Amino acid sequence: MKTPELKDTININVRHALNEDIGTGDITAALIPEQQQAIARLICREQAVICGRPWFDEVFRQIDPEVTIEWHIKEGEQVAADQLLVTLTGSARSLLTGERAAMNFLQTLSGTATRCHHYLNLLKDTQVKLLDTRKTLPGLRLAQKYAVAQGGCHNHRTGLFDAFLIKENHIAACGGIHQAVETAKDMAPGKPVEIEVENLDEFHQARDAGADRIMLDNFALDLLQQTVELNKTLTGNRPELEASGNITENTLPHIAATGVDYISIGALTKHCEAVDLSMRLTEIAD
């Protein structure tokens, strides 16, 4: 995911992060002589998939374009504990001012990518695609979806604007499954229409209504398997099937084995745990 929109998002994410951190100025960094140069080395304290280099770089670009950044790993690369990630050279003030903001982005997005990589490894022998959801950190929607892709998983819709996902409350407000799907297709021809169902009767209604994808919400394992097999026998519209709802590491392989096309997991983004990073500064003698 490298688009002009993402580039703008990175710029905005970093600007906001620096505004809230630096405010009227870094008074602690001001204790250091303005001319003092330094080298900073950043290591990862644990095995992880590293993600967030563009945000990390942008922090120092906005603070001080004179800082040089030498990466020793690629974006999306899996690293070992205590591995050197990047070396920075420049003003000691600039390095220390940007340290926390840059590391916040890197450790958070690496945490997301690492979790995705872990879930993906549970499904090595299947064709199912793991999807993220909209359960992302506020303000970091595109950033976390970028990290999901770096971790080997896939993106669901970006937001409320790029695809229909008709859920229980939408169905009730629209007057039924057929009415909701029909209205969606009339309103925005060509946009994907997905609908969430909770039982086999609703599945048939959604399929007959022409839904492009059907989300099987909290289906028991045997019902999931039954629905997948039934979908194979249908003629005409054969929607894609997505499993969702209270999926854990233990149930994930069993759900994938049913043959669904997709599994959406909110935990890919909402349960991310920041990766442990450490930066050490060494002064450069005049």
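Quick caveat: nothing in here was measured; it's all calculated off a predicted structure.

Note that Thr 114 resides in helix α3 (residues 92-121). Here Thr 114 is in contact with Ala 48, Val 49 and Val 275, once residues within four sequence places are set aside.

Here we come to the pattern of salt bridges. Two side chains of opposite charge can pair, provided their charged atoms sit close to one another. In the structure shown here, the tally under the stated rule is 8 salt bridges. Measuring nitrogen to oxygen at the nearest pair gives 3.5 Å for the salt bridge that ties Glu 229 to Lys 232. On the criterion of helical spacing, the pair formed by Glu 229 and Lys 232 is a turn pair, its members being 3 residues apart in helix α8 (residues 221-233). Residue Glu 229 is classed as partly exposed on the basis of its relative accessible area, which comes to 38%.

Core analysis: the biggest nonpolar cluster contains 42 residues, and Leu 42, Trp 55, Phe 56, Leu 85 and Leu 88 have the highest contact counts within it. Of all the secondary structure elements, the ones that give two or more residues to this core are α1 (4-22), β1 (37-44), β2 (48-49), α2 (53-63), β5 (83-91), α3, α4 (141-150) and β12 (277-284). When residues no more than four places from it in sequence are discounted, the contact partners of Leu 85 are Leu 42, Ile 43, Cys 44, Ile 50, Glu 70, Trp 71, His 72, Ile 73, Val 79, Leu 106 and Leu 277. With 37 residues, the next largest nonpolar core counts Cys 153, Val 228, Leu 241 and Ala 243 among its residues.

Turning our eyes to something else, we now look at the sheet that holds strand β3 (residues 68-71). Pairing is antiparallel across the open sheet formed by 4 strands, whose spatial order is β3-β5-β1-β12. The open sheet has two edge strands, β3 and β12, and neither has a second partner. Strand-to-strand twist in this sheet, taken as the mean axis angle between neighbours without regard to direction, amounts to 15 degrees. Here β1 pairs with β5 via 8 bridges, running antiparallel. Bridge pairing in β5 links Ala 38 to Gly 90. Each of β1, β3, β5 and β12 is contacted by α3, which is oriented at about 165 degrees to β12, the strand it contacts most.

In this section: the UniProt feature "domain: Quinolinate phosphoribosyl transferase N-terminal" (unreviewed entry) in the protein chain. Mapped onto the present numbering, the UniProt feature "domain: Quinolinate phosphoribosyl transferase N-terminal" (unreviewed entry) falls at residues 26-110. Along residues 26-110 the backbone is 35% helical and 29% strand, and the end-to-end C-alpha distance reaches 26 Å.

The rules behind these values
- Residues numbered from 1 in each chain as written.
- Predicted model: local features only at pLDDT ≥ 70, side-chain atom pairs only at ≥ 80, totals over all residues.
- Heavy atoms only, no water.
- Helix = DSSP H or I, 4+ residues; strand = E, 2+ residues; numbered from the N terminus.
- Contact = heavy atoms within 4.5 Å.
- Salt bridge = Lys/Arg side-chain N within 4 Å of Asp/Glu carboxyl O.
- Buried < 20%, exposed > 50% of the residue type's maximum accessible area, 1.4 Å probe, protein only.
- Core = buried A, V, L, I, M, F, W, Y, C linked by side-chain atoms within 4.5 Å.
- Pairing = 2+ DSSP bridges.
- Axes fitted to C-alpha atoms, helices over the stretch in contact; angles between N-to-C directions.
- UniProt positions renumbered as here; feature names shortened; annotations may be inferred.

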